[in-house]
Amino acid sequence: MNIKTFEALQTMQRRIQQIDDELQSDAIATNIKKMTELNKERANLQPVVTKFEEYQKNEAALEMAKKGLLEEKDKELIELLKLEIETTSADLEIIQATIEEMLIPKDPNDDKNVIVEIRGAAGGDEANIFAGDLYRMYKLYAEKVGWKISVLEASPSEAGGYSQLIFMVKGDHVYSKLKFESGSHRVQRVPKTEAKGRIQTSTATVAVLPEMDEVAIEIKSTDLRIDTYRSSGAGGQHVNTTDSAVRITHLPTGIVTASQDGRSQFDNKDLAMKMLRAKVYEYEVSKQQAEASSARKSAVGTGARSEKIRTYNYPQNRVTDHRVGLTLNKLDQVMEGQLDEFIIALVNDDQRQKVEAQLQDN
């Protein structure tokens with residue numbers, strides 16, 4: 001274990017002792033807020049400190065075994081010490097790898113709900129139809145894991161599917177599992193409108209944005225232009241009688257969001273603001289990434305959308321995720337919401353890259 005990691009772990013050990021001392025003080029006993037903060041901090045530190053103490057215990061046992069090997073004369077005991085050294089060394093490597101993984105900074109957005117935006121891209125009507133297929137796939141996956149989906153904005157295509165669809169997904173750790181879906185999804189199949197049976201390649205883009213609250217992303221009211229207008233399409237009697245639809249423009253960035261499917265103007269304004277906060281956050285993250293010229297960009301941001309991250313080949317019943325090189329010959333099951341294998345592979349690959357980056361920094 002390198003010296004920087006070791007020192008960081010020692011600091012965590014000392015911090016837990018400090019927290020324990022503070023929690024026993026009379027001042028903290030009457031300060032519920034401070035007590036809660038300290039207990040939360042301790043809970044976050046304890047797992048890695050416990051693992052570090054396990055590492056220290058094994059390291060001490062290894063040093064003792066090595067020392068014993070130098071002094072021992074009995075051949076049978078020497079063999080036992082050699083076996084102990086080999087076993088303990090292997091255990092230390094496993095514990096160290098676990099600690100390094102635990103020290104990786106967690107994405108603060110992983111626990112958040114998400115706003116997903118799907119658009120038909122290259123391929124005309126077929127791209128829009130595919131956008132609808134992707135929505136169905138995510139909807140089925142969400143139902144499988146117990147998440148709830150609500151459509152915020154939809155632009156149906158005459159041929160089927162959607163030219164644009166925006167929906168919210170609520171549940172446990174939604175962003176941590178769906179954030180890698182951002183990008184350009186490519187489909188290869190024979191369109192229903194193709195008389196000669198030729199395979200066509202089309203694309204739809206997916207953007208997964210963490211739902212941001214007012215504290216996380218500050219938007220000044222003076223930077224907003226809010227317009228109301230009469231809703232169109234199905235949605236109840238109020239659609240034809242009131243200007244309940246809301247369009248919000250963020251003047252500094254030019255970002256525009258709109259909602260007309262809420263029950264009232266108040267609901268539509270709330271939904272439009274949720275979308276706006278998510279898009280402004282995405283814009284700011286993209287700008288920071290561009291300015292830093294980061295070699296490794298996160299899945300959040302418009303930059304990732306230009307890449308074809310996954311190909312859905314219908315004639316061969318095959319799906320390939322190009323980022324992790326994973327190919328599954330069960331497209332039919334994937335389109336029914338069976339996304340776990342891709343999600344697990346992408347999460348593991350992201351974890352691996354973070355470990356490698358951390359080791360390079362050290």
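Bear in mind that the values here come from a model prediction, so they are computed numbers and not experimental data.

Cut-offs applied
Residues numbered from 1 in each chain as written. Predicted model: local features only at pLDDT ≥ 70, side-chain atom pairs only at ≥ 80, totals over all residues. Heavy atoms only, no water. Helix = DSSP H or I, 4+ residues; strand = E, 2+ residues; numbered from the N terminus. Buried < 20%, exposed > 50% of the residue type's maximum accessible area, 1.4 Å probe, protein only. Polar contact = N/O pair within 3.5 Å; in protein donor to acceptor, adjacent residues only side chain to side chain. Contact = heavy atoms within 4.5 Å. Phe/Tyr/Trp six-rings, centres within 6.5 Å; stacked < 30°, edge-to-face > 60°. Lys NZ or Arg CZ within 6 Å of the ring centre and 35° of its normal. pLDDT = per-residue confidence, 0-100.

Once that is clear, we can look at the side chain of His250. With respect to the element layout, His250 can be found in strand β7 (residues 245-250). What makes His250 buried here is its relative accessible area of 6%. Within polar-contact distance, the side chain of His250 engages the side chain of Thr253 at 2.7 Å. Other than its neighbours up to four places away in sequence, His250 contacts Ile219, Asp223, Leu224, Ile255, Leu276 and Val280.

Next up on the list: the packing of aromatic side chains. To describe a pair of aromatic rings, you give the distance between the ring centres and the angle between the ring planes. Evaluated as defined, the whole model comprises five aromatic pairs. With a centroid separation of 5.3 Å and 70° between ring planes, the pair formed by Phe130 and Tyr312 is classed as edge-to-face. A residue pair is termed long-range when its members are at least 10 positions apart, and Phe130 in helix α5 (residues 125-145) and Tyr312 in strand β9 (residues 308-313) qualify at 182 residues. The two residues Phe130 and Tyr312 agree in class, both being buried. A connected cluster of aromatic rings, assembled from ring pairs, spans Tyr135, Tyr162 and Phe167. Arg189 extends its terminal NZ or CZ atom over the ring of Tyr314, reaching a point 4.7 Å from the ring centre.

When the pLDDT values of the protein chain are averaged, the result is 84; 87% of them are 70 or greater. Within the model, pLDDT remains below 50 along residues 234-240, and this stretch shows nine contacts once partners closer than five positions in the same chain are excluded.

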